[in-house]
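Here is what each chain is made of, one letter per residue.
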Amino acid sequence: MEQQQPERREGRSFPERKGQKRKLEEGAAAAAEDREISTSTTTDGGGDAILNEIAAQVSVLNSAFSWQESDRAAAKRATQVLAELAKNAEDLVNVIVDGGAVPALMTHLQAPPYIDGDLAQKPFEHEVEKGSAFALGLLAIKPEYQKLIVDKGALPHLVNLLKRSKDCSTSRAVNSVIRRAADAITNLAHENSSIKTRVRLEGGIPPLVDLLEFSDSKVQRAAAGALRTLAFKNDDNKNQIVECSALPKLILMLGSEDAAIHYEAVGVIGNLVHSSPNIKKEVLSAGALQPVIGLLSSCCPESQREAALLLGQFASTDSDCKVHIVQRGAVRPLIEMLQSPDVQLKEMSAFALGRLAQDSHNQAGIAHSGGLGPLLKLLDSRNGSLQHNAAFALYGLADNEDNVSDFIRVGGIQKLQDGEFIVQATKDCVSKTLKRLEEKIHGRVLRHLLYLMRISEKSIQRRVALALAHLWLELLLGLLGSTNTKQQLDGAAALYKLANKSMALSPVDAAPPSPTQRVYLGEQYVNSATLSDVTFLVEGRRFYAHRICLLASSDAFRAMFDGGYREKDARDIEIPNIKWEVFELMMRFIYTGSVDITIEISQDLLRAADQYLLEGLKRLCEYTIAQDITLENIGGMYDLSEAFHAMSLRQAYFRD
């Protein structure tokens, strides 16, 4: 049985690896550095005022392309105003683009020409280019705007900005313009495969790889973020990133104390590795395994998630890698992550443990490190992907004989038997896990379980007994279908004795009460035309009823009369496939809360009670049926309990 690789999220809940679109927002330090205007100056006023403001700033950019200090100051302010508008009001992006801002900003991605008569000093050097890159990155929120900006020629200029540290001495302004250029490339290439390719063709990958060693941590982070996006679903980009010797630099970044840096680094490696087995081998050969395991204990949940997913991908390479991951200390932090309130964190750790648990050397270690309990608990999740990953991990652990008693001791058999599983793949996985456990209960495993029955506390003894009954019951029922008459008789006799002993140990002295207390209309209104507002047609005969009574009785009738069904406004409702006497008894129970049930009608009435969600009547039927278990019908009774989820009837066999 195979576990699915993590998929990109399109209708599935499994977490993905994707190039993150950077939120190009100002932090506190950047605010002091970049802003010389307030939000109110750009967003206050009506629509006409904003349109006029945009037009004015575009006009400034179109007319102020020179080294004159007044032009540089005006251009810098114009880029800031447009960026502020785009960032604080995304609905204005369309207006800004339609107002001609893109070509105007494009002009200022490069320094103006230096002509005779200009001052030797260059006012606001790098700052106008930085503002233009920042604004263009914010405008790239739609594919059509990404294409427009790139078609206008932005990429060559942005790539040149990445190289400014080679042409100029390092300064705060240089660092900022490089960072904004990398961020703009990230946004332009986000989920746009053609632009990712164009970045590579324009020579953008080598300078980004070089920037992974830059002295400024913000520049490192921005470069890694861009590479992460460019590597996503683009094999040619992946190969060039590796060929540019990015792996040693990224692995060093994994050990950074800056959470933002190691988060981006592990994200780049994850996108490089995904669906690329050759790169995966190179990453492992370069020494990435231990730093990635170290990130499982990071204070950054995002890095933990990426590291767990990456380890799961490493674990698919070969058995040796699975063993090495466990030997290097990954199991305990992964188990701790299973108990996190973060659903994605639990999902990724369950995925990694599922991969690791497919190796026989790891199975006992994961169980004895405390992995069984948290994985079983995840079966209660209503997240289908999380539930499936946990089930797959348990399937692996069930393959080791040393884990069988632990499964039973923590109540794992009951959890697997009684769980409500969302997707069919999980149901199949659980079924195969139970089969694995069943096949291993012999020899030393069976001797150990019998030993536990003698020396353990009562709760453990009960779990062992129930588990053995559950697992062996299937074997006994299988004997009933045997072609060997003696095996059929032996199986039936064993089931009969088991049922009788269970009844003797815990007799049901009285029928169970209705689970909910209700007020009933009374016997006099059963099939009475008095105040009747709905009529059922059963086997061609009319049965008079009252909507208010039916609405109070079950969710099935509430759906029929309050929901969108055609019966909602119907006066006469035909009831197919139910006999008159069965329907009459069911309605009598609804009106009075009690009814006498004979063994002859009990099974048909159980079907009707299950169909109309009448739990109280269903339990009365189960009680009646349980009194009539015989050697001849025991197999059919068990099938009946399974078909209608009749838990009281089923538990009659195993009651302690």
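These figures come from a predicted structure and were not determined experimentally.

1. What to know about the overall build of the protein
Now for step 1: For the protein, the count of helices and strands is 38 helices and three strands.
Now for step 2: Counting over 656 residues, the protein shows a buried share of 52%.

2. Looking at the pairing of strand S1 (residues 534-538)
A regular strand carries its side chains on alternate faces of the sheet.
Now for step 1: Judged by how many residues are buried, S1 sits mostly within the fold: four of five residues are covered.
Now for step 2: Here five bridges tie S1 to strand S2 (residues 541-545), and the two strands are oriented antiparallel to one another. Bridge pairing in S2 links Phe 536 to Phe 543.

3. Some thoughts on the packing of helix H25 (residues 384-397) against helix H28 (residues 424-440)
Now for step 1: Between H25 and H28, the shortest axis-to-axis distance is 9 Å and the interhelical angle comes to 20°. Comparing their axes, H28 and H25 come out roughly parallel. Of the two possible hands of crossing, H25 and H28 adopt the one that is left-handed. Every residue of H28 that contacts H25 at Gly 384, Gln 387, His 388, Ala 391, Phe 392, Leu 394, Tyr 395 and Gly 396 is listed here: Ala 425, Thr 426, Cys 429, Val 430, Lys 432, Thr 433 and Arg 436.
Now for step 2: Grouping the constituent residues of the contact of H25 with H28 by class yields seven nonpolar, six polar and two charged.

4. Notes on the UniProt feature "repeat: ARM" (unreviewed entry) in the protein
Now for step 1: Per the UniProt record, "repeat: ARM" (unreviewed entry) is found at residues 153-203, 203-238, 245-287, 329-371 and 370-412.
Now for step 2: Between the C-alpha atoms that bound residues 203-238 there is a distance of 14 Å. The span itself is 69% helix and 0% strand.

5. Description of the environment of Lys 377
Now for step 1: Within the element layout of this structure, Lys 377 appears in helix H24 (residues 360-378).
Now for step 2: Judged by relative accessible area, which is 63%, Lys 377 ranks as exposed.
Now for step 3: C-alpha of Lys 377 to C-alpha of Gly 412: the two residues are 35 residues apart in sequence and 9.5 Å apart in space.

6. Remarks on the pattern of salt bridges
Now for step 1: All chains considered together, the criterion is met by 29 salt bridges.
Now for step 2: Note that Arg 228 is salt-bridged to Glu 264, the shortest N-O span being 3.6 Å. Of the two residues, Arg 228 sits in helix H14 (residues 217-231) while Glu 264 sits in helix H17 (residues 259-273), which places them 36 residues apart along the sequence. Just as Arg 228 is buried, Glu 264 falls in that class too.
Now for step 3: Overlapping salt bridges, with partners in common, bring together Lys 166, Asp 210, Glu 213 and Lys 249 in one network.

7. Digging into the packing of H24 against H25
Now for step 1: As a packed pair, H24 and H25 sit with axes 10 Å apart at the nearest point and diverge in direction by 145°. When you trace H24 past H25, the crossing you get is left-handed. Residues Gln 363, Ile 366, Leu 372, Leu 375, Leu 376 and Leu 378 of H24 form the contact with H25, whose participating residues are Leu 386, Gln 387, Ala 390, Ala 393, Leu 394, Gly 396 and Leu 397.
Now for step 2: Looking at the contact of H24 with H25, its residues break down into 10 nonpolar, three polar and no charged.

8. Looking at the confidence of the model for the protein
Now for step 1: Summary statistics for the protein give a mean pLDDT of 84 and a share of 82% for residues scoring 70 or more.
Now for step 2: Looking over the protein, one finds the lowest element-wise mean pLDDT in helix H1 (residues 28-34), namely 40, and the highest in helix H13 (residues 205-210), namely 98.

9. Digging into the side chain of Thr 79
Now for step 1: Examined against the element boundaries, Thr 79 turns out to sit in helix H4 (residues 69-88).
Now for step 2: You can call Thr 79 buried: its relative accessible area is 1%.
Now for step 3: Thr 79 has contacts with Leu 61, Leu 105, Val 128, Gly 131, Ser 132 and Ala 135, leaving out every residue within four places of it along the chain.

10. What about the packing of aromatic side chains?
Now for step 1: Under the counting rule described, the total for this entry stands at six aromatic pairs.
Now for step 2: A connected cluster of aromatic rings, assembled from ring pairs, spans Phe 536, Phe 543, Phe 557, Trp 580, Phe 583 and Tyr 612.
Now for step 3: Just above the ring of Trp 580 sits the side chain of Arg 541; from NZ or CZ to the centre is 3.9 Å.

11. Thoughts on the side chain of Ser 132
Now for step 1: If you trace the backbone, Ser 132 turns up in helix H7 (residues 127-139).
Now for step 2: If we ignore the near neighbours within four places in the chain, the residues touching Ser 132 are Thr 79, Leu 105, His 108 and Leu 109.

12. Concerning the environment of Ser 340
Now for step 1: Along the polypeptide, Ser 340 turns up in the loop between helix H22 (331-338) and helix H23 (343-356).
Now for step 2: Sequence spacing of Ser 340 and Pro 301 is 39 residues, and the spatial spacing of their C-alpha atoms is 9.7 Å.
Now for step 3: Dropping the residues within four chain positions of it, Ser 340 is found in contact with Leu 345 and Lys 346.
Now for step 4: Of the polar contacts made by the side chain of Ser 340, one reaches the backbone nitrogen of Asp 342; its length is 3.0 Å.

13. Regarding unusual backbone geometry
Now for step 1: Positive phi outside glycine occurs at Asn 527, with the angle close to 50°.
Now for step 2: Residue position: Asn 527 is located in the loop between helix H31 (485-505) and S1.
Now for step 3: In this structure Asn 527 comes out as partly exposed when scored by relative accessible area, which is 31%.
Now for step 4: The phi angle at Glu 539 is positive, at roughly 50°, despite the residue not being glycine.

14. A closer look at H14
Now for step 1: Spanning 15 residues, H14 covers 21 Å between terminal C-alpha atoms, matching the ideal 21 Å at 1.5 Å per step.
Now for step 2: By the criterion of burial, H14 is predominantly enclosed, with 12 of the 15 residues buried.
Now for step 3: Here H14 has its buried residues at Val 219, Gln 220, Ala 222, Ala 223, Ala 224, Gly 225, Ala 226, Leu 227, Arg 228, Thr 229, Leu 230 and Ala 231.
Now for step 4: The backbone nitrogen of Lys 218 lies 2.9 Å from a side-chain oxygen of the residue at the head of H14, namely Asp 216.
Now for step 5: In the segment just after H14, Lys 233 is the residue with positive phi, at about 55°.

15. As for the sheet that holds S2
Now for step 1: Here three strands make up an open sheet; going across it, the order is S2-S1-S3 and the pairing mixed. Strands with a single pairing partner mark the edges of an open sheet, and in this sheet they are S2 and strand S3 (572-574). Averaged over all pairs of adjacent strands, the angle between strand axes in this sheet comes to 30°, irrespective of strand direction.
Now for step 2: Here S1 runs beside S3; their pairing, made up of three bridges, is parallel. Across the sheet, Phe 536 pairs through a bridge with Ile 573, a residue of S3.
Now for step 3: Packing of helix H34 (residues 580-592) onto the sheet brings it into contact with S1 and S2, and relative to S2 it is tilted by some 5°.

Here is what the cut-offs are and how they apply
- Residues numbered from 1 in each chain as written.
- Predicted model: local features only at pLDDT ≥ 70, side-chain atom pairs only at ≥ 80, totals over all residues.
- Heavy atoms only, no water.
- Helix = DSSP H or I, 4+ residues; strand = E, 2+ residues; numbered from the N terminus.
- Buried < 20%, exposed > 50% of the residue type's maximum accessible area, 1.4 Å probe, protein only.
- Pairing = 2+ DSSP bridges.
- Axes fitted to C-alpha atoms, helices over the stretch in contact; angles between N-to-C directions.
- Parallel < 35°, antiparallel > 145°, perpendicular 65-115°, else oblique.
- Left-handed = near helix turned anticlockwise from the far one by under 90°.
- Contact = heavy atoms within 4.5 Å.
- Nonpolar A, V, L, I, M, F, W, Y, C, P; charged D, E, K, R; others polar.
- UniProt positions renumbered as here; feature names shortened; annotations may be inferred.
- Salt bridge = Lys/Arg side-chain N within 4 Å of Asp/Glu carboxyl O.
- pLDDT = per-residue confidence, 0-100.
- Phe/Tyr/Trp six-rings, centres within 6.5 Å; stacked < 30°, edge-to-face > 60°.
- Lys NZ or Arg CZ within 6 Å of the ring centre and 35° of its normal.
- Polar contact = N/O pair within 3.5 Å; in protein donor to acceptor, adjacent residues only side chain to side chain.
- Expected span 1.5 Å × (residues − 1).

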